[in-house]
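Listed below, chain by chain, are the residues.
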Amino acid sequence: MEVRNISKSIQETEVLCDVSFSIAPGTITGIVGRNGVGKTSLLKTMVDIFRPDEGEVRVKGESIQINPSAKQHVIFVSDVTEAFKNESVDHIVSFYREVYPSFDHAYFEELMARFDLEKIQQVKKYSKGRKALFALILAFATRADFVLLDEPTDGLDVIVKRQMMQFMVEAVAENDISILIATHRLDELETLADQIIMLKDGQVEARYELESVKMQYQKMQIVYAEQMPEEVIEKVNILQQSGRVYVCFIARADNETKQAVEKSGPLLIEELPMSLEDLFIAKLGGDRFAT
Amino acid sequence: MLPKALWKKDFKQTKGLFIYLGLVFIFWFPIQALLRIDGALETLREEQARGEDHHLQFLQTSSYFWEQLLSSSSWLLALLLLAVIPGVLIGSERNSETHHVMTGLPFKRQTLFISKFVVGAVGISLLFFFAIGLAYIFVAQSELSFVTEQFSLLEHLWLPWTTMLAIFALGMLMGSLVGEMLSQIVLTLIFLIFPSGFWLLVRQFIEINNIPLGGEQWQAEFVGNVTLPLILLDGNMNGWFIIPAVMTIVFAVVGTYSYASAKDEHNGELLLFKKLNVIFLPGVVVCFALLGGMIAASIAPHSQQEFQVILYWIGAVLLGSGAYFSTRRLLQMNRGRKK
């Protein structure tokens, strides 16, 4: 699946600007960014719910804008679970079976049993979490090659959330499908995602392979007798400051900065384990976060 | 060919309304026919007792029976349902996340619209012809069976059928332009009576302000012939019989195009096409100003024309400015999803 130079304005505000990336088969991709950065708009544009002003989305070589039937390979699960709320589970399943030729009814039944979800007459009678779970089960049962999820674990309890995350990893490994997740839950992505796409001001700020990113950057705790010198502050990304203790983010290959830190005479330099959240704060909000 | 999944979903969505519409048609045609047969036979018996046969001859030589049956006031309830069905087909989906789910599926938007249109139009047509067929059978089986000789499929059914389809098609067109259900239904009802309503307002403006204008007769006739509820109530088109059919086709084609090209991020707002605000806002202000003027002028005695003109303009400014501010708020409003 390939997103090519997508731009989109809503209410005269540009929410997506020249966004391009591709999703390889059998991967989990996380889309992260601050509130209102365009994550949901991007997902909706990827299935043509929102028409792009420029650019196109191609699935298996076909543009979904020109040939919507190419969307048979893609399914989008919104974080709003209000659709078909008056319908029964059986009716919704029968609808999806007719829309998606690859719909696997046996797999659907298996997932319903696995997540202990009973079939009911009106979907609106499910709790918020169960509605979200049902939407996820339905999406995976379509056997679409690309599953786009907007805040998929919203409303799920801790146990179901863990089960669902485990299930997603299995589904990718066993069926070679690709999952794209837009979320604020960076801790969840950390255990799931192969690659992370960071959005900032409607643009792709950065794209990381999660394995390699930890090799590229270091999270350092630096303690000074007084304050961190100005010339060092200018070079490092400060994630957190507590008195004379600074938690910083430095590119592993940035020897110039490392030397500057060492020369500034700190009392202590220590490497800390780095999380995706650290990367997120450093790249998208570090300068505002640190005081 | 339409995807089965779509028309099944659309039918399920409107099934309840079709049941209501079916009941209205049943009451309107077969039940009314039975009542009218009884009434006519009673009149004929009284006439026979007096040794006369005027009414009998009248029924044998004219289509009076069918005209009376078709122009029953049951039209009003049917008309309301015809405006609500497109609201459920399109507007209710826009109010919820369903529209986004549907546009994310592997179908062309034109296909989504055409499926809804076909389900609505076929449903309305089947119910209409079934009910009228039942009425025909009742009449044919009765002592009044001779009136069936005066029944003409083209003459008596073409107009109500195409007019009902045109009303439905107008509702569908509104659904392709408007972002939520209630506004869609209200605007459909407004635009149904718009030609005659607007003409009435303009005529009052002309009369009160003493503006000379010729050729009112043909204008009034034209306006009457393009006001769909009047066609249903009157049933007399004087050569304009093709108008509802043309309207149906035009509304369907424009509706399909605008449904496919509407920006769905505006769901929940009054208008999906922001460019229409340029026409909509002044249009509403002018109509309400004319209405305000007409209402205010009616307070003054008819003999005091100068006072009438002053009151007219005061009413026009007051209601027109009120409409301006309300419509501006309405255009900024979003009655859509809670997210």
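Remember, it's a predicted structure, so these values are computed and weren't measured experimentally. (Residues numbered from 1 in each chain as written. Chains lettered and ligands numbered in written order. Predicted model: local features only at pLDDT ≥ 70, side-chain atom pairs only at ≥ 80, totals over all residues. Heavy atoms only, no water.)

Asker: How should I be thinking about the overall build of chain A in this particular structure?
Answerer: Secondary structure assignment for chain A yields 10 helices and 14 strands. Taken along its principal axes, the extent of the C-alpha atoms in chain A is 70 × 40 × 35 Å. Each of the 291 residues in chain A was classed as buried or not, and the buried ones make up 53%. Summarising the internal contacts of chain A: among those between residues at least 6 apart in sequence, 66% fall at separations of at least 24. Put simply, chain A shows about 13300 Å² of open surface, and 46% of that area lies on carbon and sulfur atoms. Mean positive and mean negative side-chain charge positions of chain A (33 and 47 charges, respectively) differ by 3 Å. (Helix = DSSP H or I, 4+ residues; strand = E, 2+ residues; numbered from the N terminus. Buried < 20%, exposed > 50% of the residue type's maximum accessible area, 1.4 Å probe, protein only. Contact = heavy atoms within 4.5 Å. Areas by Shrake-Rupley, 256 points an atom, 1.4 Å probe, with all protein chains shown as cover. Lys, Arg positive; Asp, Glu negative; His and termini not counted. Charge placed at Lys NZ, Arg CZ, Asp CG, Glu CD.)

Asker: Please clarify how the overall build of chain B should be interpreted in this entry.
Answerer: Regarding its fold elements, chain B presents 13 helices and 0 strands. For the C-alpha atoms alone, the extent of chain B along its principal axes is close to 70 × 65 × 30 Å. Put simply, chain B has 339 residues, and 50% of those count as buried. Nonlocal contacts in chain B, meaning residues at least 24 apart in sequence, comprise 79% of its contacts between residues at least 6 apart. For chain B, the accessible surface area stands at approximately 16500 Å², while carbon and sulfur atoms represent 68% of it.

Asker: Would you mind going over the sheet that holds strand S13 (residues 245-251) of chain A with me for this structure?
Answerer: Sheets are built from strands paired through backbone hydrogen bonds, the pairs being either parallel or antiparallel. Residue and element names in this part refer to chain A. Overall, antiparallel pairing links the 4 strands, which are arranged S12-S13-S11-S14 in an open sheet. Either end of the sheet is taken by a strand with one partner, and the two such strands are strand S12 (237-242) and strand S14 (268-272). On average, each strand axis in the sheet is tilted by 25° relative to the strand beside it, whichever way the strands run. Where strand S11 (residues 217-223) meets S14, 5 bridges bridge the pair, whose relative direction is antiparallel. Among the inter-strand pairings, Ile222 is bridged to a residue of S14, identified as Ile269. Its contacts with the sheet put helix H9 (residues 255-263) on S11, S13 and S14, and the angle it makes with S13 is roughly 155°. (Pairing = 2+ DSSP bridges. Axes fitted to C-alpha atoms, helices over the stretch in contact; angles between N-to-C directions.)

Asker: Can you walk me through the domain arrangement of chain A in this structure?
Answerer: One frequent convention defines the size of an interface as the accessible area lost when the parts assemble. Residues and elements named next belong to chain A. Looking at chain A, the domain boundaries give domain 1 (2-201) and domain 2 (214-284). Taking only C-alpha atoms, the centre of domain 1 and the centre of domain 2 are 37 Å apart. At the junction of the two partners, domain 1 supplies 10 residues and domain 2 supplies 9 residues. Linking domain 1 to domain 2 there are 0 salt bridges. Applying the counting criterion to the domain 1 and domain 2 interface returns 0 residue pairs in polar contact (both at pLDDT 80 or more). Only helix H6 (186-192) and strand S9 (195-200) provide two or more residues apiece to the side of domain 1 that touches domain 2. Broken down by element, the side of domain 1 that touches domain 2 gets its largest block of residues, 4 residues, from S9. Class assignment for the residues of the side of domain 1 that touches domain 2 results in 6 nonpolar, 1 polar and 3 charged. (Domains from an automatic or database assignment. Salt bridge = Lys/Arg side-chain N within 4 Å of Asp/Glu carboxyl O. Polar contact = N/O pair within 3.5 Å; in protein donor to acceptor, adjacent residues only side chain to side chain. Nonpolar A, V, L, I, M, F, W, Y, C, P; charged D, E, K, R; others polar.)

Asker: Could you clarify how one ought to interpret the interface of chain A and chain B in this entry?
Answerer: Contacts between the two partners involve 31 residues from chain A, matched on the other side by 25 residues from chain B. The contact between chain A and chain B buries some 2400 Å² in all, and 58% of this surface belongs to carbon and sulfur atoms. Ranking the residues of chain A by area buried against chain B places Ile49, Phe95 and Glu98 of chain A at the top, with a combined share of 21%. For the interface between chain A and chain B, the tally reads 4 salt bridges. Close ionic contact of Glu265 of chain B with Lys8 of chain A constitutes a salt bridge, the shortest N to O distance being 2.6 Å. For the pair chain A and chain B, the number of links is 11 residue pairs in polar contact (both at pLDDT 80 or more). Of all the secondary structure elements, the ones that give two or more residues to the side of chain A that touches chain B are strand S1 (2-10), helix H1 (39-46) and helix H2 (89-99) of chain A. The element that contributes the greatest number of residues to the side of chain A that touches chain B is H2 of chain A, accounting for 6 residues. A breakdown of the residues in the side of chain A that touches chain B according to their chemical character gives 12 nonpolar, 8 polar and 11 charged. (Buried area = accessible area lost by both parts, 1.4 Å probe.)

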